[in-house]
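If you want the building blocks of each chain, they are given just below.
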Amino acid sequence: MYTNNTRGSALVLVLIASMFLIILTAGAYQYFKMNANTQIWARDRIQAKLSAEAGINLATHMLISGASLPADSLPEDILGTEISFFDLPGDIGSVYASVDPSNSNNKVTSANAYLIRCIASVPGLTMDTYGMQSIVMPENLARFSVFMNNPSTDGYYGDGYRFDGPFYANGAVRVRSASASSTNDPFFYSFRLTSGYYVSQGNTPITTPSTGNLEMQPYNRLLMGPPFFDLNVDPIPFGEDELNWQGVRSAAQINGLYFPAGSISDSSRLALKGDTLLIKADTLAAVQEYYLGDMENPVVWIENGTDDCFFLRSSQLQGLNMPLTIGCRGDVYMSGDLLYENIDLEDPDNLEILGVMTVNGDLIIADDPGVDQPEWGSLSFWIDTEDGFSYYAVIVALEGNLYASKYWEPAGPQEFRLNGGYMIQEEGYTSTSSTGFDIGVYFDPRLLYMHPPFFPTTANWNTTMWAEKPDMTVNDVANGTHPEY
C-alpha cells in the first residue's frame, strides 16, 4: 500500500531525473555542435592553408621561370594586388603574393635572397584569409668547394686530397687509396654525383664510400648517405651558354675597371696589394697601379684573347683587403701565394673575398722556373710555386680545366691549398704519387651566405625557409611588415 508521502517522493525523483536528462541533452547538443564547428574550422583551415601553399609554389615557379625581380629593397606584387586577388585554377580560391628582396641584396657580396609572402582567400570558408611565407635563393656557383661539369675517370683523387666543402660532379669520378690505413684517405665534406656510382681501382661501379683500401673520410658521416654521400642527384647547368658571365663584364664596364682588347699584354704578371692592382707587362715595363677601392662595382674585366694569359698572385707585402671579382677570356696562371689581409674566414665582419673567372681559358698552376727572377723586380711578380702555396679565392673556368703546368714538378707532392673552391669543366693532372701538387680545398664558410661581387648564379633555386603565418594581412604582403626582410 502506498501512502501520499511515498507518491510525493516519487514525483520529486521524476522531476530531478527529468532535469538531469534535459541538462545532459543540452550538453550533448553543445558538444556535438562544437565538434562539428571544430571539424568545419579544421577543414576550412586546411583548405585555406593549401590555397596559400599553392600561391607560394606558383610565385616561386614564376621567379625560377624568369619573372622580373624587384629593382630595389621594396616588395613588389607578383600575384594579384591589394584590391584584386589572383584566382587560382580549380576553384580553390584566390591569392595575393609579393616578392620582398633581402635588405642586404644591395651589397654585392651578399647572396641574393627573396621572401615571398602570400595570403589566400577561399569563398564560403569560416576564415577570411590565411598567410604563408618562404625564402628562396638562386644557387650561386661560389657555394661549392668543387664543381665539375665534365669529369673524367682518367686521373683519380687519392691519399692526401681534402675537400672541406660540397663536392659535386655532373658524372662519375675516380677515387682510390694506395695505403692500407685510412688516416690519409681522401676527405670529402659531402660527395654528390649525378651518376649512380664512382670508380676506384678498376672500372667497377662503386656505390658506397669504401672499397678495397679506400675509406672516404669522414667515413661515419658519409656512411649516413644523403645529403653527405649522394648519387643520382639532379644535374646543374654549367658553361658559357648556361651562366650569365656577361653580367660580370657589364659590371666592370659600367662602374668597375675594364681593360679593352689589346690593353693588357699576353703573359702579363698581376699582383693584388690591399686595394690596388699592380700590372707588369714584361721585365722592362714599368709597374702600372690601379686603385680599386673607390669602384662602385668592384669588378675587373680583362678582354683578352682566348689564347692569351696572365699570371696572378698577391703582393708579398700585403694581401687583398676588399671584395673583388676578376674576369677574362684567356688562361689564368696561379703563380704564388694569393692571400687576404684578414685570413680569419670565420670573422663575420670580414668582407675580403675574391672571385677569378675565365670564360674560355684554363686555370693553371704555374711552373716555378727554379731560379731567382731579379729581372722582374719586386717579388710580387715572381713565380713562386717551388713549394706548397695558398690561394684565397673562388676560381671558375666556364669552358676550361684546372691542371698543373708541369705535374711532374716539384718533388713532393706539395699542396696547392685553395681557401675557397673551384668550378670547372674537368680536372687535369696536377700531381703524381711523388711530384706536383695535391689539391686541398679548405672551404670558406662565408660562401654559405655571401659570394664574390656579381658572381654568376646557376639556373637552380633553393627554398631555404617555409613558415605558416595565419594572421598575415594584406598590408603585410603589400608593404613587407610581417616581418621586415
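Residues numbered from 1 in each chain as written. Predicted model: local features only at pLDDT ≥ 70, side-chain atom pairs only at ≥ 80, totals over all residues. Heavy atoms only, no water.

Draft legend 1. Summary view of the sheet that holds strand β17 (residues 309-314). Strand order in this open sheet of 8 strands is β15-β14-β13-β17-β19-β21-β23-β25, and the pairing throughout is mixed. Of all the strands in the sheet, just β15 (288-291) and β25 (426-427) have a single pairing partner and so form its edges. Where strand β13 (residues 268-273) and β17 come together, 5 bridges link them in parallel fashion. By the bridge assignment for β17, Arg269 is matched with Phe311. (Pairing = 2+ DSSP bridges. Helix = DSSP H or I, 4+ residues; strand = E, 2+ residues; numbered from the N terminus.)

Draft legend 2. Representation of the pairing of strand β4 (residues 114-121). Along β4, 7 of the 8 residues are buried, which leaves the element largely enclosed by surrounding structure. Examined bridge by bridge, strand β3 (residues 94-101) and β4 share 8 bridges and lie antiparallel to one another. Residue pairing across strands places Tyr96 opposite Ile119, the latter belonging to β4. Inspection of the sheet shows β4 paired to strand β5 (residues 130-140) by 7 bridges, in the antiparallel sense. In the strand pairing of β5, Ile119 is matched with Gly131. (Buried < 20%, exposed > 50% of the residue type's maximum accessible area, 1.4 Å probe, protein only.)

Draft legend 3. Up close: the nonpolar core. In this structure, Phe167, Phe191, Leu312, Leu354, Tyr391 and Tyr422 are the most contacted members of the largest nonpolar core, which totals 87 residues. Take this core: its biggest share by element is 8 residues, from strand β22 (residues 389-397). Excluding anything up to four places from it in sequence, Leu354 contacts Leu272, Leu320, Leu324, Ile326, Leu338, Tyr340, Tyr392, Ala393, Val394 and Pro452. Core analysis: the second largest hydrophobic core is formed by 19 residues, Leu79, Val95, Ile116 and Met132 among them. (Core = buried A, V, L, I, M, F, W, Y, C linked by side-chain atoms within 4.5 Å. Contact = heavy atoms within 4.5 Å.)

Draft legend 4. Quick look at the environment of Val394. Turning to its location among the elements, Val394 is positioned in strand β22. A residue is classified by how much of its surface remains accessible, and Val394, at 1% relative accessible area, is buried. Between the C-alpha atoms of Val394 and Gly421, which are 27 residues apart in sequence, the distance is 4.9 Å. Excluding anything up to four places from it in sequence, Val394 contacts Ala142, Leu354, Gly355, Val356, Gly421, Met423, Leu447, Pro452 and Phe455.

Draft legend 5. How the structure looks around the packing of aromatic side chains. Counted under the stated rule, the structure contains 29 aromatic pairs. Between Tyr198 and Phe229, the ring centres sit 6.4 Å apart and the planes meet at 80°, which makes this aromatic pair edge-to-face. Taken together, the residues Tyr198 in the loop between β8 (187-193) and β9 (210-211) and Phe229 in strand β11 (residues 229-230) connect sequence positions 31 residues apart. Neither residue differs from the other here; Tyr198 and Phe229 are each classed as buried. (Phe/Tyr/Trp six-rings, centres within 6.5 Å; stacked < 30°, edge-to-face > 60°.)

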